[in-house]
Amino acid sequence: MKPNTLHTPLQKSNQKPSYVIFVTFGSIVFIMSMLALIIINQTQNPLENLERQELDRGVAQEVSAKSNSYDFHKVSYDWTDAMFSWQRTAFHFQPQKNWMNDPNGPLFHLGWYHLFYQYNPDSAIWGNITWGHAVSKDMIHWFYLPIAMKPDKWFDINGVWTGSATLLPNGEIIILYTGDTNNYVQVQNLAYPANLSDPLLLDWVKYADNPVIEPPPGIRLKNFRDPTTAWIGPDNKWRVLIGSKKEKTGLSLVYKTTNFTYFELNENYLHTVPGTGMWECVDFYPILINGSNGLDTSVDGLEVKHVLKASLDDTKVDCYAIGTYFIENDTWVPDNPNEDVGIGLLLDYGRYYASKTFYDQVKKRRILYGWINETDTESDDLKKGWASLQTIPRTVLFDKKTRSNLVLWPIEEIESLRISSDEYEGVVITPGSVVPLNISQASQLDIFAEFEIESLTSEGNISNDDIDCGRGALERSAFGPFGIIAIADDTLSEQTPIYFSLSNTSLGFSTTFFCVDETRSSKASEVEKPIYGTKVPVFSDEKLSMRVLVDHSIIESFAQRGRRVISSRVYPTEAIYGATRLFLFNNATNINIKVSIKIWHLNNAFIGPFPFDQTQ
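Residues numbered from 1 in each chain as written. Predicted model: local features only at pLDDT ≥ 70, side-chain atom pairs only at ≥ 80, totals over all residues. Heavy atoms only, no water.

**Re the nonpolar core**
Judged by nonpolar contacts, the single largest core of 112 residues is most densely connected at Leu406 and Phe451. With 7 residues, strand E36 (residues 591-602) is the largest single contributor of residues to this core. The residues touching Leu406, leaving out its near neighbours within four places in the chain, are Tyr285, Ile287, Val307, Tyr320, Ile322, Leu347, Val396, Leu397, Asp399, Gly562 and Arg563. Among the nonpolar cores identified, the runner-up in size contains 17 residues, and Leu168, Ile242, Leu253 and Tyr255 belong to it. (Core = buried A, V, L, I, M, F, W, Y, C linked by side-chain atoms within 4.5 Å. Buried < 20%, exposed > 50% of the residue type's maximum accessible area, 1.4 Å probe, protein only. Helix = DSSP H or I, 4+ residues; strand = E, 2+ residues; numbered from the N terminus. Contact = heavy atoms within 4.5 Å.)

**Observations concerning the environment of Leu502**
One can find Leu502 in strand E29 (residues 496-502). Taking relative accessible area as the criterion, Leu502 reaches 0% and is therefore assigned buried. Leu502 sits 86 residues away from Ala588 along the chain, and the two C-alpha atoms are 9.5 Å apart. Among residues more than four places away in sequence, those in contact with Leu502 are Ile453, Ile467, Phe479, Phe482, Leu507, Ser510, Thr511, Thr512 and Leu544.

**What about the pairing of strand E30 (residues 512-517)?**
The element E30 is extensively covered by neighbouring structure, given that 6 of its 6 residues are classed as buried. Residues Thr512, Phe514 and Val516 of E30 are buried on one face, and the alternating residues Phe513, Cys515 and Asp517, pointing to the opposite face, are buried as well. Across 5 bridges, the pairing between E29 and E30 is antiparallel. Looking across to E30, one finds that Ile498 is bridged to Val516. Bridge count between E30 and strand E31 (residues 531-535): 5 bridges; the pairing is antiparallel. (Pairing = 2+ DSSP bridges.)

**Things to note about the pattern of salt bridges**
Side-chain pairs of opposite charge can arise whenever the charged atoms involved come near each other. All chains considered together, the criterion is met by 38 salt bridges. With a shortest N-O distance of 3.1 Å, Lys384 and Glu374 are connected by a salt bridge. Separated by 10 residues along the polypeptide, Lys384 in helix H4 (residues 378-384) and Glu374 in the loop between strand E20 (365-372) and H4 bring together distant segments of the chain. As far as the burial class goes, Lys384 and Glu374 line up, both buried. The salt bridge partner of Glu475 is Arg471, with a shortest N-O separation of 3.0 Å. Its relative accessible area of 67% is what places Arg471 among the exposed residues. Among the ionic contacts, a cluster of salt bridges with common partners joins Asp360, Lys363, Arg365, Glu412 and Glu413. (Salt bridge = Lys/Arg side-chain N within 4 Å of Asp/Glu carboxyl O.)

**Some words on the side chain of Asn120**
Looking at the element boundaries, Asn120 is found in strand E2 (residues 112-120). The exposure class assigned to Asn120 is buried, which follows from its relative accessible area of 4%. At 2.9 Å, the side chain of Asn120 and the backbone nitrogen of Asp122 are in polar contact. Among the polar contacts made by the side chain of Asn120, one reaches the main-chain carbonyl oxygen of Ile125 at a distance of 2.7 Å. (Polar contact = N/O pair within 3.5 Å; in protein donor to acceptor, adjacent residues only side chain to side chain.)

**A closer look at the pairing of strand E16 (residues 317-326)**
In regular strands, side chains alternate between the two faces of the sheet. Of all the 10 residues making up E16, 7 are buried; the element is thus mostly covered by neighbouring parts of the structure. Where E16 and strand E17 (residues 331-334) come together, 4 bridges link them in antiparallel fashion. Note that in E17 the partner of Gly323 across the bridge is Pro334. The antiparallel pairing of E16 with E17 creates a hairpin that spans 4 residues between the two strands, and Asp330 there sits at a positive phi of about 55 degrees.

**Section: the sheet that holds strand E26 (residues 433-436)**
Two pairing modes exist for strands in a sheet, parallel and antiparallel, and in both the strands are linked by backbone hydrogen bonds. The strand order E26-E35-E28-E29-E30-E31 describes an open sheet built from 6 strands, whose pairing is antiparallel. Each edge of the open sheet carries a strand with a single partner, namely E26 and E31. For this sheet, the mean angle separating the axes of adjacent strands, direction not counted, is 20 degrees. Two strands pair when backbone bridges link them, and E26 and strand E35 (residues 581-586) are joined in this way by 4 bridges, in the antiparallel orientation. Bridge assignment links Pro436 to a residue of E35, and that residue is Phe583. (Axes fitted to C-alpha atoms, helices over the stretch in contact; angles between N-to-C directions.)

**Focus: the packing of aromatic side chains**
Applying the stated criterion across every chain, the model contains 32 aromatic pairs. Ring plane angle 25 degrees and centroid distance 5.7 Å describe the contact between Trp79 and Phe84, whose orientation is recorded as stacked. No difference in accessibility class separates Trp79 from Phe84, as the two residues are buried. Following the ring pairs from residue to residue traces out a cluster consisting of Phe93, Tyr117, Tyr119, Trp142 and Tyr144. Directly above the ring of Trp386 sits Arg88, whose terminal nitrogen or CZ lies 5.6 Å from the centroid. (Phe/Tyr/Trp six-rings, centres within 6.5 Å; stacked < 30°, edge-to-face > 60°. Lys NZ or Arg CZ within 6 Å of the ring centre and 35° of its normal.)

**Quick look at the state of the cysteines**
Evaluated as defined, the whole model comprises 1 disulfide. Each sulfur of the disulfide joining Cys469 and Cys515 lies 2.0 Å from the other. Disulfide Cys469-Cys515: torsion about the S-S bond near -85 degrees, hence left-handed. Pair noted here: Cys469 is in the loop between strand E27 (444-455) and strand E28 (482-488) and Cys515 is in strand E30, with a separation of 46 residues, a long-range link. Both residues of the pair, Cys469 and Cys515, count as buried. (Disulfide = S-S within 2.5 Å.)

**Details of the sheet that holds strand E3 (residues 130-136)**
Spatially, 6 strands are ordered E21-E1-E2-E3-E4-E37 in an open sheet, and the strand pairing comes out mixed. Every other strand in the sheet has two partners, leaving strand E21 (386-387) and strand E37 (607-609) as the edge strands with one partner each. Taken together, the 3 bridges between strand E4 (residues 142-149) and E37 define a ladder with parallel strand orientation. Each residue of the ladder has a partner; that of Trp142, found in E37, is Ile607.

**Some thoughts on the environment of Asn182**
Inspection of the secondary structure puts Asn182 in the loop between strand E6 (173-180) and strand E7 (186-193). If sequence neighbours within four positions are ignored, Asn182 has contacts with Trp154, Ile157 and Asn158.

**What to know about the side chain of Glu413**
Topologically, Glu413 is positioned in the loop between strand E24 (406-410) and strand E25 (418-429). Within polar-contact distance, the side chain of Glu413 engages the side chain of Lys363 at 3.0 Å. Leaving out residues up to four positions away in the same chain, Glu413 has contacts with Asp138, Ile140, Lys363 and Arg365.

**Some remarks on unusual backbone geometry**
For the bond running from Asn210 to Pro211, omega is 0 degrees, close enough to zero to count as cis. Secondary-structure assignment places Pro211 in the loop between strand E8 (204-206) and strand E9 (231-232). Residue Pro481 is reached from Gly480 by a cis peptide bond, and omega for that bond is 5 degrees. Note on placement: Pro481 falls in the loop between E27 and E28.

Right under this line is the structure:
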């Protein structure tokens, strides 16, 4: 056996003393240099450390990427404090500072709507994830509350991740959430209020024997997260779904319980879809097919369909399908296999992820929250001190005309912010025209517009062009694009068009695309500026219509009264404050467009700390 050279006795040296001194001195200099380099690296600005990041933030823990794609070879725009200040929204919920992502556990309790959310209390980038907490009387004006849960136990020390709330018939509230353990294993944990008589639900207790669910055999330890709101079956057992995958097949596991401390894994998956990858933030709930109310999560019956939604980790979109739930074996089948989860419909065709619904028992409606992250760089977010926001809550209903999709619409409470309006009837826009609308302060708006089409040719009303969102609003075809231009400056050097494009002028038989073009939304090179779009069903007895909510750096656009939705983030450098303008445009070649539009100016929502020093 060869001797271990690490333990070979030192040989007597024949080197001269001066040489030994030289080597010793050189070694000391080298060591001191290395120590200095380490100290410098540790004290560097965190903005500089971003350049060395190899993985998107969150990916190392195998949770959905929580950093933005960026290219450090791009020259960052010379942002001013005024520009950053303008980007902060006026009536969308966001924390006072720092990072926010998924909405968690929304519920109504003793007069207050509660919203929990993934939050980093220390920085404007993802990490140290806790549960932030806010309350509201109307889901528009919000009060910040103290953090609800921190990563302080072995079963969630690396993150108190996404979860859901369940209201039990006896008035109890149960929270199930994913914890990232000290060994980076994703487990499901139980928490409950310390005092149910507290309307603010300030204090939460983590169950002492957590976790209550651990990854089962065959499921990877880091592919097991985001429990849903529970629902009860005729066997008096509660069910809850958890998202996962096997290879590239996305799936939802079903667990049953009677006490929320012991769970049984169902032998069947609720549903699987090959090729869709990891399912996060799964949601499952009933909808009425012939009604205008939402339903409690446990309702079932002949007039009920069930929505299955998953956030796809691979593509960062929120997909859903409508289908039939079979309670006898806890499986679900889509009505249209060609529009299954992950290969069909999206809740939002823009920047949108990790959405969550809850049943509002006060107004008998189902409400949808969604997370909108930034599309600028992390270094920009660190400079401005915050990142991300939540959409305006949306009601969820079955589309009784198409009978194949949901309709999503801003909650009626947003109308309480309307302070003045401008209205234009029958404005004719000829081909190639851009028409300015003479309104002031165009950065906080609620816009509703209807469009009528007048063909200018007698050679038929069918276009030979390939109709889609193309290369944006500048690309011309016979019957589009046309619509409105939001967050623009006077010269249109910055602009965000929201528009329709048609295949013909007979709406009931037209292929209609609804699009948002962000390519010219900002002069800053480092922000993402995509073109979003989707086909939207339009019936012959309908006018083309859109509703657009504009709030500084976010635009929420709803086509055909909520049949399709696109959310956008924009970061203008010149179209800010009093320089923000609104236009109508028609870039089609063969049609005039007649527009009727009403524009409401919206006030700021109150979003601030809860006044504990005043009477509740």
